[in-house]
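Listed below are the residues making up each chain.
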Amino acid sequence: MDEILTTNRQSVRAHQEAASRELQPADAAAEVSWQQAMRLAVRDSAELCRRLKLPESLGNTAAAESFPVFVPLEFLSRMQAGDRSDPLLKQVLAASEEVSPVEGFVADPLAEASASTLPGLLHKYPGRALLVTTGACAIHCRYCFRRHFPYDEVPKGAAAWQPAVDRIAADDSIQEVLLSGGDPLTLVDPLLARLVASLDAIPHVRRIRVHTRLPIVIPQRITQSLIEIFRSARATTWFVVHCNHAAELDSATLASLGRLIDAGIPVLNQAVLLRGVNDSLEALERLSLRLVDHRIQPYYLHQLDRVAGAAHFEVSEATGLRLVEQLRGRIPGYAMPQYVREIPHQASKLPVVY
Ligand SMILES: *Cc1c(COP(=O)(O)O)cnc(C)c1O
Ligand code: SF4
């Protein structure tokens, strides 16, 4: 009986794997390892514009100096050549608006400096602690609230995490550890495996949550060996990916997310409401439906954090609320993200309300 069930499960998995392989585009990009993809990323506004057949003058040099451009070719390939208002390009092109200061937009909008109990550990919310595992990301998002984060002070490497791991071990109220950054999946597998194992060895840590944009921007990061790191852990793993627009979800990315879900790892998505990117009913509807079509649950739609350099991305809360109300009338309830904002020193993210 068992054997029959096992065989059935295996054949189901084999079928699913074959189906997800078929989703992989047979282009050269899929052959490149994720580390090579990081090395091949475009790091220059002018080159980005050239590749998209746009005037090089669109990019702003001063903005790129304060926060360098970094765009993997896999992400770039989903943009429309010649379209200067492409919603993916907007997220990554250093723009002149970034360099003019706007009142109310500051370096550390979430007062994270004061929430950090140890370098690299943020413990703001009951039951959950966030580990800043690295300062590196696989893409530089111009609206990022951590664009001025003091990553130089972040512990680097397995030995450097030990104080944070010890702190978590000493506090049995911490049931969940968020791996964040930067992007934790920029760590190589052996480092990540050591970190996960040391957290997994703490009995009161029941859940490990990975906050990452890597499966979206460089889908080949989701290898079988990466999946094994989490699948072999006692603690339950949740992934929260970050995607703002349906056009970010190409077939390779959806196949990678599908492999995680097939391995039993739930995947949620968070997005940021961004002017010129997803501030329309149509864009939000397409994003949510594409996510749930592929078993990914929309989790949060964040009001932009007011970080210096990102003012031109802000959508007013009144507009956001109107969009979210209209969205509710168009999609299934489980496809609705929670529209939230973060206010320093509050015990949770808070729903945006009238
Ligand atoms: C967002 C965040 C969390 C997780 O909050 P959830 O509402 O559980 O998703 C935990 N710690 C910090 C510091 C955060 O910023
Ligand atoms: S991937 Fe995340 S942390 Fe990195 S720049 Fe983008 S929003 Fe910021």
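Above: the structure in question.
This structure is a prediction, so every number in the text was calculated from the model and none was measured.

Draft legend 1. Representation of the site of ligand 1 within the structure. In the region of ligand 1, the neighbouring residues are Leu122, Lys124, Tyr125, Arg128, Leu130, Leu178, Arg209, Tyr299, Tyr300, Glu342 and Lys349. Between ligand 1 and Tyr300, the relevant distance is 2.6 Å, taken from an oxygen atom to a side-chain nitrogen or oxygen of the residue. Its free accessible area being 390 Å², ligand 1 has 93% of it covered by the protein chains. One can see that ligand 1 is located within the largest pocket. Put simply, the parts of the chain that give the shell around ligand 1 at least two residues each are strand E2 (121-125), strand E3 (128-132) and strand E8 (297-302). At three residues, the largest contribution of residues to the shell around ligand 1 is made by E2. Taken together, the residues that form the shell around ligand 1 break down as six nonpolar, no polar and five charged.

Draft legend 2. Just the pattern of salt bridges, in detail. Evaluation of the coordinates by the stated rule reveals 18 salt bridges. Between Asp200 and Arg234 there is a salt bridge, with the nearest N and O atoms lying 3.7 Å from each other. One end of the pair, Asp200, is in helix H9 (residues 189-200); the other, Arg234, is in the loop between helix H11 (224-231) and strand E6 (236-242), with 34 residues separating them in the sequence. According to the relative accessible area criterion, Arg234 is partly exposed, its value standing at 45%. Of the charged contacts, one joins Glu248 and Arg213 as a salt bridge, the two residues approaching to 2.8 Å between their closest N and O atoms. Here the residue Glu248 occupies a position in the loop between E6 and helix H12 (251-262), and Arg213 occupies one in the loop between strand E5 (207-212) and helix H10 (214-217), the gap between them amounting to 35 residues.

Draft legend 3. Focus on the site of ligand 2. Close to ligand 2 lie Cys137, Ile139, Cys141, Cys144, Arg213 and His242. When each cavity is represented as a set of grid points, ligand 2 is found to reside in the largest pocket. In terms of residue class, the shell around ligand 2 is built from four nonpolar, one polar and one charged.

Draft legend 4. Just unusual backbone geometry, in detail. For the peptide bond that leads from Gly181 to Gly182, omega is 10°, which places it in the cis range. Within the secondary structure, Gly182 is located in the loop between strand E4 (176-180) and H9. The phi dihedral of Lys53 falls on the positive side, at around 55°, and the residue is not glycine. On the secondary structure map, Lys53 appears in the loop between helix H3 (45-51) and helix H4 (61-66).

Draft legend 5. Broad picture of the sheet that holds strand E10 (residues 350-351). Read from one edge to the other, the open sheet built from ten strands follows the order E1-E2-E3-E4-E5-E6-E7-E8-E9-E10, with strand pairing classed as mixed. Single-partner strands in this sheet number two, and they are strand E1 (116-118) and E10. Pairing between E3 and E4: five bridges, direction parallel. Residue pairing across strands places Ala129 opposite Val177, the latter belonging to E4. In this fold helix H8 (residues 158-170) packs onto E1, E2, E3 and E4, with an angle of close to 100° to the strand it touches most, E1. Contacts from helix H13 (residues 281-293) reach strand E7 (267-272) and E8 within the one sheet, and its direction differs from that of E8 by about 150°.

Draft legend 6. Focus on the environment of Gln175. Checked against the element boundaries, Gln175 lands in the loop between H8 and E4. Accessibility expressed as a relative area gives 34% for Gln175, which makes it partly exposed. As for Gln175 and Val205, which are separated by 30 residues in sequence, their C-alpha atoms are 4.5 Å apart. Leaving out residues up to four positions away in the same chain, Gln175 has contacts with Gly127, His204, Val205, Arg206 and Arg207.

Draft legend 7. Quick look at the layout of surface pockets. The computed volume of the largest pocket comes to approximately 1100 Å³. Lining the largest pocket are 49 residues, with Phe145, Arg146, Ser180, Gly181 and Gln270 sitting closest to its centre. Secondary-structure elements contributing two or more residues to the lining of the largest pocket are E2, E3, E4, E5, E6, E7, E8 and strand E9 (338-341).

Draft legend 8. How the structure looks around H8. For H8, built from 13 residues, the straight-helix expectation of 18 Å at 1.5 Å per residue is met to within 8% by its first-to-last C-alpha distance of 18 Å. Maximal helix bending in H8 amounts to about 30°, located at Ala164. When we look at burial in H8, the residues that qualify are Ala158, Trp161, Ala164, Val165 and Ile168. Here the buried face of H8 lies against E1, E2, E3, E4 and H9.

Draft legend 9. Broad picture of the packing of H9 against H11. Where H9 contacts H11, the two axes come as close as 10 Å, and the packing angle between them is 10°. As the angle between them shows, H9 and H11 are arranged roughly parallel. Packed against H9, whose contacting residues are Asp189, Leu192, Ala193 and Val196, the element H11 presents Ser225, Leu226, Ile229 and Phe230 at the interface. When grouped by side-chain class, the residues that make up the contact of H9 with H11 number six nonpolar, one polar and one charged.

Draft legend 10. Inspection of the packing of aromatic side chains at higher detail. Throughout the structure, instances matching the rule amount to three aromatic pairs. On the numbers, 5.5 Å between centres and 85° between planes, the contact of Phe230 with Phe239 is edge-to-face. Assigned by exposure class, Phe230 and Phe239 land together as buried. A ring pair is formed by Tyr299 and Tyr300, whose centres lie 3.9 Å apart and whose planes are at 20°; its orientation type is stacked. Residue Tyr300 is classed as buried on the basis of its relative accessible area, which comes to 15%.

Parameters and conventions
- Residues numbered from 1 in each chain as written.
- Chains lettered and ligands numbered in written order.
- Predicted model: local features only at pLDDT ≥ 70, side-chain atom pairs only at ≥ 80, totals over all residues.
- Heavy atoms only, no water.
- Near = heavy atom within 4 Å.
- Polar contact = N/O pair within 3.5 Å; in protein donor to acceptor, adjacent residues only side chain to side chain.
- Areas by Shrake-Rupley, 256 points an atom, 1.4 Å probe, with all protein chains shown as cover.
- 1 Å grid on protein atoms, 1.4 Å probe; cavity = no way out; pocket = protein on both sides within 12 Å on 5 of 7 lines; lining within 4 Å.
- Sits in = over half its atoms within 2 Å of the grid points.
- Helix = DSSP H or I, 4+ residues; strand = E, 2+ residues; numbered from the N terminus.
- Nonpolar A, V, L, I, M, F, W, Y, C, P; charged D, E, K, R; others polar.
- Salt bridge = Lys/Arg side-chain N within 4 Å of Asp/Glu carboxyl O.
- Buried < 20%, exposed > 50% of the residue type's maximum accessible area, 1.4 Å probe, protein only.
- Pairing = 2+ DSSP bridges.
- Contact = heavy atoms within 4.5 Å.
- Axes fitted to C-alpha atoms, helices over the stretch in contact; angles between N-to-C directions.
- Points joined across faces, edges and corners; volume = space filled by probe spheres on them.
- Expected span 1.5 Å × (residues − 1).
- Bend = angle between axes of the 7 residues up to and from the residue.
- Parallel < 35°, antiparallel > 145°, perpendicular 65-115°, else oblique.
- Phe/Tyr/Trp six-rings, centres within 6.5 Å; stacked < 30°, edge-to-face > 60°.

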